[in-house]
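Chain residues, written in single-letter form:
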Amino acid sequence: MSSHTVFRFTARNGVDNIQAFKEPIPTVGQYEILIKVRSVALNQRDVHIATDTYPLPVKEGVISGSDMAGEVAQVGDLVKGFSIGDPVLAPLNPTFLYGQLLPEHGSDTFGALRDGMLREYVVLPAHCIIKLPKSSHSFTQWAALVQSRATMWNAFYGNTVLKPGDTVLALGTGGVSMIALILAKAAGATTIITSSSDRKLELVKSRFGVDYTINYNTHPNWASEVQRITNGQGANHIIETSGVGTIGQSLESVARGGIVSVIGFMTTIPQEEMPNVAMLSLTKGCAVRGVQGGSKQQLEEAVRFVRSRELVMPVDKVFSFSRDDIVAGLKYIQSGKHIGKVCINLE
Ligand SMILES: NC(=O)c1ccc[n+]([C@@H]2O[C@H](COP(=O)([O-])OP(=O)(O)OC[C@H]3O[C@@H](n4cnc5c(N)ncnc54)[C@H](OP(=O)(O)O)[C@@H]3O)[C@@H](O)[C@H]2O)c1
């Protein structure tokens, strides 16, 4: 077989503009590995890219999808440590291997500036690939952890370290917040999740064991609920997934000396309603930290933790590798009905 199917965005004004193409399977260089893609986790980011609302540069006609789990199909002559059939992952940005995200790493990410993972085969440099340990996790489960898990590992361990006994507040029930919940619980934290839906909050409680829930529609001033739940102490770590529309209340919710990890950009508000982030953070003595993905090292550490504790990733729905199913998967994310991750399986 010399050709394979890839899915590219042909325009960026809606998720329907994704089309299948038959293209040659890339050849493997001496230091590279050919991976047979087995599962791809979709993200809100893919919807942002499809609808031209992603704030970072995107290549024209990009292959969509960034989070892949697969198996080694061919190994370059000079590669050591990998064999055909090994299960593997790749980080979101193949140049961000460790430390802080530096200008030279740019926004060189899969599914945006680089072609992504909605394809049958991908060739990658061996040094950016993570070999997965033996575990009970399926390819779908592993794919589900790539971006959200590396980002969360960066949020919890890249700066102010999460400690047992801390309180973690994560906004919403999407992929990032559900992974935050699973990681934080396993690390011994008390957890709080907000949502617009009581149904979702009940599911998050029964399935994932969150300690406290707040419906942000029923409690538009949800920061006072956080203060009530925490006896006026506030939450030590806040996973701010929704952006300027909520950061004011996130800063009202944070504990003194705590940290607000700014991750998402789902909401906007008029300029005149923008909160005074400088004054709010000064009075709380807290850190406000932008988090842009995570490094390969952070993803490796997350993989080790997930394997050692056999943590189950929150996969809501799985779709197949066809154009109609991929569009349906992206539309499902757009609908906001999901809890956790949505994946495309290639079988
Ligand atoms: N910086 C990074 O490295 C990084 C990495 C991954 C993702 N992101 C960004 O983070 C954001 C979330 O990503 P995701 O993959 O988790 O998305 P997702 O799975 O689609 O989840 C988004 C969730 O946000 C919640 N939400 C929407 N408006 C809200 C509001 N006003 N207040 C509180 N919650 C609200 C919704 O929860 P309910 O339906 O329960 O209300 C929704 O389920 C996106 O903007 C994404 O691009 C950034």
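Residues numbered from 1 in each chain as written. Predicted model: local features only at pLDDT ≥ 70, side-chain atom pairs only at ≥ 80, totals over all residues. Heavy atoms only, no water.

J.: Which residues make up the packing of aromatic side chains, and what are the values?
T.: Tallied over the entire structure, the rule returns 5 aromatic pairs. Between Phe-7 and Phe-321, the ring centres sit 5.0 Å apart and the planes meet at 90°, which makes this aromatic pair edge-to-face. Of this pair, Phe-7 sits in strand β1 (residues 3-9) while Phe-321 sits in the loop between β14 (315-320) and α10 (323-335); the two residues are 314 residues apart in sequence, bridging distant segments of the chain. Put simply, the rings of Trp-153, Phe-156, Tyr-157 and Phe-305 pair up and form one aromatic cluster. Lying across the ring of Phe-82, Lys-131 places its NZ or CZ 6.0 Å from the centre. (Phe/Tyr/Trp six-rings, centres within 6.5 Å; stacked < 30°, edge-to-face > 60°. Helix = DSSP H or I, 4+ residues; strand = E, 2+ residues; numbered from the N terminus. Lys NZ or Arg CZ within 6 Å of the ring centre and 35° of its normal.)

J.: I'd love a proper account of the side chain of His-4, names of residues and values included.
T.: Checked against the element boundaries, His-4 lands in strand β1. Classification of His-4 as buried rests on a relative accessible area of 2%. A distance of 3.0 Å separates the side chain of His-4 from the backbone nitrogen of Tyr-121, its partner in a polar contact. Ignoring sequence-local partners within four residues, the contact set of His-4 consists of Phe-21, Lys-22, Glu-23, Pro-24, Ile-25, Pro-26, Arg-119, Glu-120 and Tyr-121. (Buried < 20%, exposed > 50% of the residue type's maximum accessible area, 1.4 Å probe, protein only. Polar contact = N/O pair within 3.5 Å; in protein donor to acceptor, adjacent residues only side chain to side chain. Contact = heavy atoms within 4.5 Å.)

J.: Provide a residue-level description of the environment of Ser-66, including the pertinent values.
T.: As for its position among the elements, Ser-66 is in the loop between α1 (44-50) and β4 (67-75). Residue class for Ser-66 comes out buried when judged on its relative accessible area of 0%. Once residues lying within four places of it in the same chain are set aside, the contact partners of Ser-66 are Asn-43, Arg-45, Asp-46, Leu-92, Phe-110, Met-117 and Gln-147. In terms of polar contacts, Ser-66 uses its side chain to reach the side chain of Gln-147, at 3.0 Å.

J.: Residue-level account of the sheet that holds strand β12 (residues 254-262), with values.
T.: Across the sheet, 6 strands lie side by side as β10-β9-β8-β11-β12-β13; this open sheet has parallel pairing. The open sheet terminates on both sides in strands that have one partner only, identified here as β10 (212-215) and β13 (287-290). Ignoring which end each strand starts from, the neighbouring axes of this sheet average 15° apart. Lying on the sheet, helix α3 (residues 146-157) is in contact with β8 (167-171), β11 (235-240), β12 and β13; it crosses β11 at an angle near 150°. Across the face of the sheet, helix α4 (residues 175-186) comes into contact with β8, β9 (190-195) and β11 while running at roughly 165° to β9. (Pairing = 2+ DSSP bridges. Axes fitted to C-alpha atoms, helices over the stretch in contact; angles between N-to-C directions.)

J.: Describe the pairing of β12, and please don't skip the residues or the numbers.
T.: Relative to β12, β11 runs parallel, the two being bridged by 5 bridges. The residue bridging Ala-235 from the neighbouring strand is Val-254, located in β12. Here 4 bridges tie β12 to β13, and the two strands are oriented parallel to one another. Directly across from Val-262, in β13, lies its bridge partner Gly-290.

J.: Tell me about the UniProt feature "domain: Enoyl reductase (ER)" (unreviewed entry) in the chain, and please be specific about residues and values.
T.: With numbering aligned to this structure, UniProt lists the feature "domain: Enoyl reductase (ER)" (unreviewed entry) at residues 14-344. Along residues 14-344 one finds 29% helix and 24% strand; the C-alpha atoms at either end are 19 Å apart. (UniProt positions renumbered as here; feature names shortened; annotations may be inferred.)

J.: Talk me through the pattern of salt bridges; I want residue IDs and the actual numbers.
T.: As enumerated under the stated definition, the model contains 12 salt bridges in all. With a shortest N-O distance of 2.8 Å, Arg-8 and Glu-23 are connected by a salt bridge. With a gap of 15 residues between them, Arg-8 in strand β1 and Glu-23 in strand β2 (residues 18-24) connect regions that are remote in the sequence. One salt bridge in this structure joins Arg-114 and Asp-108, with 2.9 Å as the shortest N-O distance. (Salt bridge = Lys/Arg side-chain N within 4 Å of Asp/Glu carboxyl O.)

J.: Just give me the short version of the pairing of strand β3 (residues 32-42), but keep the residues and values in it.
T.: Counting buried positions along β3 gives 9 out of 11 residues, so the element sits mostly inside the fold. By the bridge criterion, 5 bridges tie β3 to strand β6 (residues 121-125) in an arrangement that is antiparallel. Looking at the pairing, Ile-33 lines up with Leu-124 of β6. Direction of pairing for β3 relative to β4: antiparallel, over a ladder of 8 bridges. The residue of β4 that forms the bridge with Leu-34 is Gln-74. Pairing geometry for β3 and strand β15 (residues 341-345), over 4 bridges, is antiparallel. Residue Val-40 lies in a different strand from β15, and its bridge partner there is Ile-344.

J.: Tell me about the state of the cysteines, and name the residues and values.
T.: Going through the model one piece at a time under the given rule, you end up with 0 disulfides. In this structure Cys-128 is not part of a disulfide, and its nearest cysteine sulfur, from Cys-343, lies 20 Å away. Judged by its relative accessible area of 0%, Cys-343 falls in the buried class. (Disulfide = S-S within 2.5 Å.)

J.: An account of the domain arrangement of the chain is needed here, citing residue identities and associated values.
T.: Domains assigned within the chain are domain 1 (3-145 + 313-345) and domain 2 (150-290). Of note, the centres of domain 1 and domain 2, computed from C-alpha atoms alone, are 28 Å apart. Contacts between the two partners involve 16 residues from domain 1, matched on the other side by 16 residues from domain 2. Roughly 1100 Å² of surface becomes buried between domain 1 and domain 2 when both sides are summed, with 68% attributable to carbon and sulfur atoms. Counting the surface domain 1 buries against domain 2, the share from its top three residues, His-48, Pro-314 and Ile-339, is 44%. Our count for the domain 1 to domain 2 interface comes out at 0 salt bridges. For the pair domain 1 and domain 2, the number of links is 4 residue pairs in polar contact (both at pLDDT 80 or more). (Domains from an automatic or database assignment. Buried area = accessible area lost by both parts, 1.4 Å probe.)

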